[in-house]
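Each chain, written out:
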Amino acid sequence: MQSGSERSERPWVRVWGVGALVQAIGDALAARFSPCVVRGEISGFTRAASGHGYFTLKDEHGGASLRCAMFRRALSQVEFGPGEGMLVEARGTLAVYEARGELQLIVEALRPAGEGALYEQFLRLKARLEAEGLFEPTRKRPLPAFPARIGVVTSLAAAALQDVLTALQRRAPHVEVVLAPASVQGPEAPPQLVDALASLMALHRKGTQLDAVVLCRGGGSLEDLWAFNDERVVRAVAACPVPVVCGVGHETDVTLCDFAADLRAPTPTAAAELVARDRAAALAALDGLAALLHHRVRRRLDGQAQRLDRAAARLARPGVTLHEAHRRLALLSHRLGAVGERRTQQARQTLPVLAHRLARAMARGTERAEHTLSAAEGRLEALNPRRVLERGFAWLSDDAGHPLASVAEVAVGAEVRGVLADGVLQLHVNGVEAAPSEPGTHKSRPVLGE
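Colleague: Quick one: what's the story with the pattern of salt bridges, residue by residue and with numbers?
Modeller: Side chains that differ in sign of charge can pair as their charged atoms come close. If you walk through the whole model with that rule in mind, you get 14 salt bridges. The partner of Lys126 in a salt bridge is Glu130, with the nearest N and O atoms 3.5 Å apart. With Lys126 and Glu130 both in helix H4 (residues 116–131) and four residues apart, the pair spans about one turn of that helix. Between Glu273 and Arg170 there is a salt bridge, with its nearest N and O atoms 3.2 Å apart. With Glu273 in helix H9 (residues 268–275) and Arg170 in helix H5 (residues 159–171), this pair connects stretches of sequence that are 103 residues apart. What makes Glu273 partly exposed here is its relative accessible area of 32%. Through salt bridges with shared partners, one network takes in Arg128, Glu132, Glu231 and Arg235.

Structure follows, in structure tokens:
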């Protein structure tokens, strides 16, 4: 038996501070388990004002839990809304929250568990096909109001087929159904669905006209409905020449065929109700239109009958009608004669006035013309060359009749002809004497000599 002195001589182990121990544990966990992926159900998810998310992951049996923190940047990249009880896979690093000494997972990525890979594939394919324009709203075609023949693509063993046929029989028993069977689940489903759509289109082109096609199946998981997310099936739906109604799964189920179809129905039954109008409602509307048409036709016939009665009453007394016509004709003739007489009287009163105005205008015009002529005559007389000669000037020209404007044009001994106001002189030049030139004088025109 050891004594107290022996126990007191034992060496002390290392003493840790709380913060240092918590930090050391965190470092050890981070080195041993980071990064890691944890699968569990979300519980108590909250989003703080800062944008960070906080929740707890519990195992499927509820025996263990792990606190999780997801910062705003990572949370903004999550393509679904985390909800209570959702089974997810969280990838991140383990750490210890030092303020409480609690283990927590710093989540860097989050995806639905089990279906996560398929869901990511779904999103990638959706984005690619959407970029190609396969889901554009402008591609959507309206359904025919009253289809006569409908194609149905589904499995013969599916309950959805009975739902569609029952709904069509109840609402529109006159609509013909052309069934193209295909598997709706499993790896063999996509090619069979494509072949079924192709067979319906072949019938359509050969003359068996289809007004619409219903593509349907019941609900299930994402894996169960994956055939309707196959790219081949989606493209076949988009290429269908007649409107397609997609009724796959339940209201919460969404497939890529829903986006490619012309109309999405929440269930197969709803697809049948959307594609075929209720026969009873259509007949009731038709009865209402027939009653309205009968009422309007009857009202129109009654109005025309009244007009016919009035016309017949007038035709029954032709003498009265002729007398009225003669009376109106006489009245119009009297009015016409009175108007003509008034116009003639007005013309007779106006004619003397107009004649007097015309005479005065002609006298004033003649007077102005005579005055103008006299003034022109005076100006013309003032320009007469004979008046210049009467003032003592003479017109000199050579033997050829050319006017002489300068002494340089005459030689001594030449014969010159001089024209005076009252006759002509034959002159002989005995001498020529040039006068001194004056500045600014020009000799460009004939001159008259004295």
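Continuing now.
Colleague: Explain the sheet that holds strand S10 (residues 263–264) to me, using residue names and the numbers behind them.
Modeller: Strand order in the open sheet formed by five strands is S7-S6-S8-S9-S10, with parallel pairing between adjacent strands. At either end of the open sheet lies a strand with only one pairing partner, and these are strand S7 (176–181) and S10. Sheet topology places strand S6 (residues 149–154) next to S7; six bridges connect them, and they run parallel. Among the inter-strand pairings, Gly151 is bridged to a residue of S7, identified as Val178.

Colleague: Could you give me a rundown of H9, with the residues and numbers involved?
Modeller: A turn of α-helix holds 3.6 residues, and therefore any two residues three or four places apart point the same way. The set of residues buried in H9 consists of Pro268, Ala270, Ala271, Ala272 and Val275. Among the structural elements, S6, H5, strand S8 (212–217) and strand S9 (244–248) are those in contact with the buried residues of H9.

Colleague: Account for the packing of H5 against H9, with residues named and values stated.
Modeller: Running from N to C, H5 and H9 point in directions that differ by 30°, and their axes come no closer than 8 Å. Taken together, H5 and H9 sit at an angle that is classed as roughly parallel. Considering only the axes of H5 and H9, their crossing is right-handed. Across from Ala160, Asp163, Val164, Ala167, Leu168, Arg170 and Arg171 in H5, the residues of H9 making contact are Pro268, Thr269, Ala272, Glu273 and Val275. Split by residue class, the contact of H5 with H9 holds seven nonpolar, one polar and four charged.

Colleague: Please give an account of the packing of aromatic side chains that cites residues and values.
Modeller: What the rule picks out here adds up to two aromatic pairs. Over the aromatic face of Phe259 sits the side chain of Lys126, whose NZ or CZ is 5.0 Å from the ring centroid.

Colleague: I'd like a rundown of helix H7 (residues 231–239), residues and numbers included.
Modeller: Burial in H7 covers these residues: Val233, Val234, Ala236, Val237 and Ala238. Its side-chain oxygen 2.9 Å from the backbone nitrogen of Arg232, Asp230 forms the N-cap of H7.

Colleague: Would you mind going over the sheet that holds strand S1 (residues 36–47) in detail, with residue names and values included?
Modeller: Sheet strands associate in pairs through backbone hydrogen bonding, adopting either a parallel or an antiparallel arrangement. As summarised here, the arrangement of the five strands in space is S1-S2-S3-S5-S4, forming a closed barrel in which the pairing is mixed. Taking each pair of neighbouring strands and ignoring which way they run, the sheet shows an average axis angle of 50°. Of the strand pairs in this sheet, S1 and strand S4 (residues 87–97) are connected by six bridges, and their pairing is antiparallel. Considered in S4, the bridge of Cys36 is made with Gly92.

Colleague: Now, about a nonpolar patch on the surface: what can you tell me, with residues and values included?
Modeller: On the surface, a nonpolar cluster with roughly 360 Å² of combined accessible area is contributed by Leu283, Leu286, Leu289 and Leu292. Examined against the element boundaries, Leu283 turns out to sit in helix H10 (residues 279–315). By relative accessible area, Leu283 is classed as partly exposed at 36%.

Colleague: Let's hear about the nonpolar core: which residues, and what values?
Modeller: Residues Val153, Leu193, Val213 and Val237 are the most contacted members of the largest nonpolar core, which totals 39 residues. Among the secondary structure elements, those contributing two or more residues to this core are H4, S7, helix H6 (189–205), S8, H7, S9 and helix H8 (256–260). Here the element with the most residues in this core is H6; it accounts for six residues. Those residues within four positions of Val153 in sequence are excluded, and the remaining contacts are Ala180, Leu193, Ala196, Leu197, Leu200, Val213, Val214, Leu215 and Cys216.

Colleague: Tell me what's going on with the confidence of the model for the chain, and back it up with residues and numbers.
Modeller: Per-residue pLDDT for the chain averages 84, and the proportion of residues at 70 or more is 92%. Under a pLDDT of 50 for its full length, residues 442–450 has, in the predicted model, 16 contacts with residues more than four places off or in other chains.

The rules behind the values
- Residues numbered from 1 in each chain as written.
- Predicted model: local features only at pLDDT ≥ 70, side-chain atom pairs only at ≥ 80, totals over all residues.
- Heavy atoms only, no water.
- Salt bridge = Lys/Arg side-chain N within 4 Å of Asp/Glu carboxyl O.
- Helix = DSSP H or I, 4+ residues; strand = E, 2+ residues; numbered from the N terminus.
- Buried < 20%, exposed > 50% of the residue type's maximum accessible area, 1.4 Å probe, protein only.
- Pairing = 2+ DSSP bridges.
- Contact = heavy atoms within 4.5 Å.
- Axes fitted to C-alpha atoms, helices over the stretch in contact; angles between N-to-C directions.
- Parallel < 35°, antiparallel > 145°, perpendicular 65-115°, else oblique.
- Left-handed = near helix turned anticlockwise from the far one by under 90°.
- Nonpolar A, V, L, I, M, F, W, Y, C, P; charged D, E, K, R; others polar.
- Phe/Tyr/Trp six-rings, centres within 6.5 Å; stacked < 30°, edge-to-face > 60°.
- Lys NZ or Arg CZ within 6 Å of the ring centre and 35° of its normal.
- Polar contact = N/O pair within 3.5 Å; in protein donor to acceptor, adjacent residues only side chain to side chain.
- Patch = residues over 30% accessible without salt bridge, like charges linked within 9 Å, V, L, I, M, F, W, Y side chains within 5 Å.
- Areas by Shrake-Rupley, 256 points an atom, 1.4 Å probe, with all protein chains shown as cover.
- Core = buried A, V, L, I, M, F, W, Y, C linked by side-chain atoms within 4.5 Å.
- pLDDT = per-residue confidence, 0-100.

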